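# Architecture and fold: a report
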Amino acid sequence: MNRKILVLMMSLVLLVSATACSNNNKKTSSTDSTKEQSSSSVENGQGDKKSNEPITIKMMANLYEAELKEPDIAFLNAIEEKTNTKIEIEIPPSSGYAEKLQLMLVSGEYPDVIMFQTQDSDSYKNALEGEVIIPLDEYLEKTPNLMKYTYDASWKALKSNTDGKIYGVPRTSVTRADGFWLRKDWLDKIGISIPENGEITIDEFTEIMRRFTTDDPDGNGINDTFGIGVFVDPEKVMYPVLTSQFGDLGWQKSSGEFDYIISQYNKNTEVYKKVLSYTRQLYIDGILNPDSAVSDIQATRENFWRGTTGSMWGFGGDYNQHMEELGKLNPDARIVYAFVENENGEVKGTGYGTGMWQFWSIAATCKYPDRVMEVMDYALSDEGYDMLYAGVEGTDYDVVNGKRVYRDDLKNATFRGLFLRRAGDANFFIKPHLPQEQKDIILPILEKSVASVVRSEDMGYVPQASKEPTYMDYMATMAQGRAKILLGELEVDAYDDLLEGWYKNGGQKYVEEMNEYILKQK
């Protein structure tokens, strides 16, 4: 039995329970299938370049919506015309995408292009081990736009530890450091204003949170508001309110025992204990919404929209969504964005180390890997990117007197927004049809978010030590301990014992492996 079959059979064992949902996926094509030329009709991996017939490229994508909207179809039609292709997209349910992906890998029947969620996911590792996907290095040499508009860190993150080759095209996410949305109408009520540059100190932020809780900012005469709400992390422990403001900036250069360390695992500083202590005190004082201990991000957003909390951490590009939702309950609601300075008076924050959010890989069974790469490269060209961002004339907008006029019934373009992006382009998150006054609010926020980011050196890597049973068992103990500290059930100094136990239960190996990985990337 060869390695590919062995790996995929092992995956199948893990997926027996997931098969029930495997028939719920939908297939959407942007063109008439009767006009398509099957990829199986062409021999020799580079496709039939002499034929004038378009070649078909099948893609499997993780999207929020199961059906492509009219703007997506118009975009795909335009891309197809420019690249002489037919693009067929399979969209499994988003909630079951990981399971569908594993089942697809086991089946042995692959689309030409596969979207993976993270480079540490089991499905991606199985695809690598089973030689389901191919290295892209030779094609990247002919894709100047992909190379120009993708972070170097993203390419590094997608290099295989085995052969050093790149096995994916990043769906770039603009690396940024996010701040906080605050109710401006509440600020007006309590007599506090945010500076024009949006920067406030830790003490100023804390005072705003306190008065949002105690000074009846919504004016209803009832003590029913909280300063801020957060949500829980994957371990079901609520995220701290402030992190980078106390020096927690991910994996960074260290002068201690290890070349690189993250404050959460640093035995030589008080940084992470400061992070825990700050949030713990907000919770004890009743300033932090107690629902935060069990809320997901959507519940936290809804509490902000309802006026239960006066602030929340979030992305600067969400201005319009927040205003729309707030307006449903309170037409007078207004919001403002704030960046909380660190203890040295600087605005700094950690962003995605990899600079990407999901990525595309090409299956070994794909007949046209070069053509697939051409399509992706075209999408980031000036012409392609204009359609990717601004839309397609006649569907998204009309040209009137030489200017683009967006249609009133404009629909959301899910695939177009999730296909590819240019690195560092904050404008991508500002809808082109928005009024100029709204763009003028959002763009400075996003530019500061991008300018203030400090990249964590781990680049999304998860050491193999994290898979050890002893380590995984102790991580549950660690999570319980952190939760008790944040909820005031344990003193902050209890974290010292938790950290000591972490190192004894696989943490030492974890940090060593992480350092080996980071140093290898230098």
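Since we're looking at a predicted model, the values are computed, not measured. (Residues numbered from 1 in each chain as written. Predicted model: local features only at pLDDT ≥ 70, side-chain atom pairs only at ≥ 80, totals over all residues. Heavy atoms only, no water.)

## Structural notes on the sheet that holds strand 7 (residues 199–200)
Read across the sheet, four strands follow the order 7-11-6-10 without closing on themselves; strand pairing throughout is mixed. Edge positions in the sheet fall to strand 7 and strand 10 (311–314), since each has one partner strand and no second. Running over the sheet, helix 11 (residues 297–306) touches strand 6 (179–183), strand 10 and strand 11 (335–340) and is turned about 140° from strand 10. Lying on the sheet, helix 12 (residues 319–329) is in contact with strand 6, strand 10 and strand 11; it crosses strand 11 at an angle near 135°. (Pairing = 2+ DSSP bridges. Helix = DSSP H or I, 4+ residues; strand = E, 2+ residues; numbered from the N terminus. Contact = heavy atoms within 4.5 Å. Axes fitted to C-alpha atoms, helices over the stretch in contact; angles between N-to-C directions.)

## Considerations on the domain arrangement of the chain
By the assigned domains, the chain splits into domain 1 (33–176 + 351–459), domain 2 (178–235 + 288–347) and domain 3 (242–269 + 462–522). Relative to domain 3, the C-alpha centre of domain 1 lies at a distance of 34 Å. Each partner contributes residues to the interface: domain 1 has 12 residues there, and domain 3 has 13 residues. Around 1100 Å² of area is buried between domain 1 and domain 3 when both sides are counted, 45% of it from carbon and sulfur atoms. (Domains from an automatic or database assignment. Buried area = accessible area lost by both parts, 1.4 Å probe.)

## As for the packing of aromatic side chains
For the structure on display, the rule yields 28 aromatic pairs. On the basis of an interplanar angle of 85° and a centroid distance of 4.9 Å, the ring pair of Tyr 124 and Phe 359 is categorised as edge-to-face. Separated by 235 residues along the polypeptide, Tyr 124 in helix 4 (residues 122–129) and Phe 359 in strand 13 (residues 356–362) bring together distant segments of the chain. Like Tyr 124, the residue Phe 359 is buried in the burial classification. When the centroid spacing of 6.1 Å and the interplanar angle of 35° are considered together, the rings of Tyr 385 and Phe 428 count as tilted. Here Tyr 385 is found in helix 14 (residues 382–390), whereas its partner Phe 428 is found in the loop between helix 15 (414–419) and helix 16 (436–451), with 43 residues between them in sequence. A residue is classified by how much of its surface remains accessible, and Tyr 385, at 7% relative accessible area, is buried. On the accessibility criterion, Phe 428 (11% relative accessible area) is buried. (Phe/Tyr/Trp six-rings, centres within 6.5 Å; stacked < 30°, edge-to-face > 60°. Buried < 20%, exposed > 50% of the residue type's maximum accessible area, 1.4 Å probe, protein only.)

## Topic: the side chain of Thr 143
Tracing the sequence through the fold places Thr 143 in the loop between helix 5 (137–140) and helix 6 (144–148). A polar contact is formed between the side chain of Thr 143 and the backbone oxygen of Leu 140, at a distance of 2.9 Å. Discounting chain neighbours no more than four positions away, the residues touching Thr 143 are Met 373 and Asp 377. (Polar contact = N/O pair within 3.5 Å; in protein donor to acceptor, adjacent residues only side chain to side chain.)

## Some remarks on helix 13 (residues 369–379)
The buried fraction of helix 13 is high, at 10 of 11 residues. Considered for burial, the residues of helix 13 that qualify are Pro 369, Asp 370, Arg 371, Val 372, Met 373, Val 375, Met 376, Asp 377, Tyr 378 and Ala 379.

## Some words on unusual backbone geometry
The phi dihedral of Glu 131 is positive, around 55°, even though this residue is not glycine. Here Glu 131 shows up in the loop between helix 4 and helix 5. At Asn 401, a residue that is not glycine, the phi angle is positive and equals roughly 55°.

## What about the pattern of salt bridges?
Counted under the stated rule, the structure contains 27 salt bridges. Here the residues in one salt-bridge network are Glu 270, Lys 273, Asp 493 and Asp 496, joined through shared partners. (Salt bridge = Lys/Arg side-chain N within 4 Å of Asp/Glu carboxyl O.)

## Some points on helix 14
Listing the buried residues of helix 14 in full gives Gly 384, Tyr 385, Met 387, Leu 388 and Ala 390. Its buried side turned inward, helix 14 meets helix 2 (70–83), helix 13, strand 14 (397–400), strand 15 (403–406) and helix 15. Remark: Gly 391 follows helix 14 within two positions and exhibits a positive phi of approximately 100°.

## Observations concerning the nonpolar core
Tyr 265, Trp 360 and Trp 502 are the most contacted members of the largest nonpolar core, which has 120 residues in total. Top contributing element to this core by residue count: helix 18 (residues 494–521), with 10 residues. If sequence neighbours within four positions are ignored, Trp 502 has contacts with Tyr 265, Tyr 471, Tyr 474, Met 475, Met 478, Gly 507, Tyr 510 and Val 511. One finds Met 323, Ala 333, Ile 335 and Phe 429 within the second-largest nonpolar core, a separate group that totals 22 residues. (Core = buried A, V, L, I, M, F, W, Y, C linked by side-chain atoms within 4.5 Å.)

## Some details on the environment of Lys 69
Among the structural elements, Lys 69 can be located in the loop between strand 2 (55–60) and helix 2. Judged by relative accessible area, Lys 69 falls into the partly exposed class, the value being 29%. Within the structure, the side chain of Lys 69 is placed 2.4 Å from the side chain of Glu 65, a separation counted as a polar contact.

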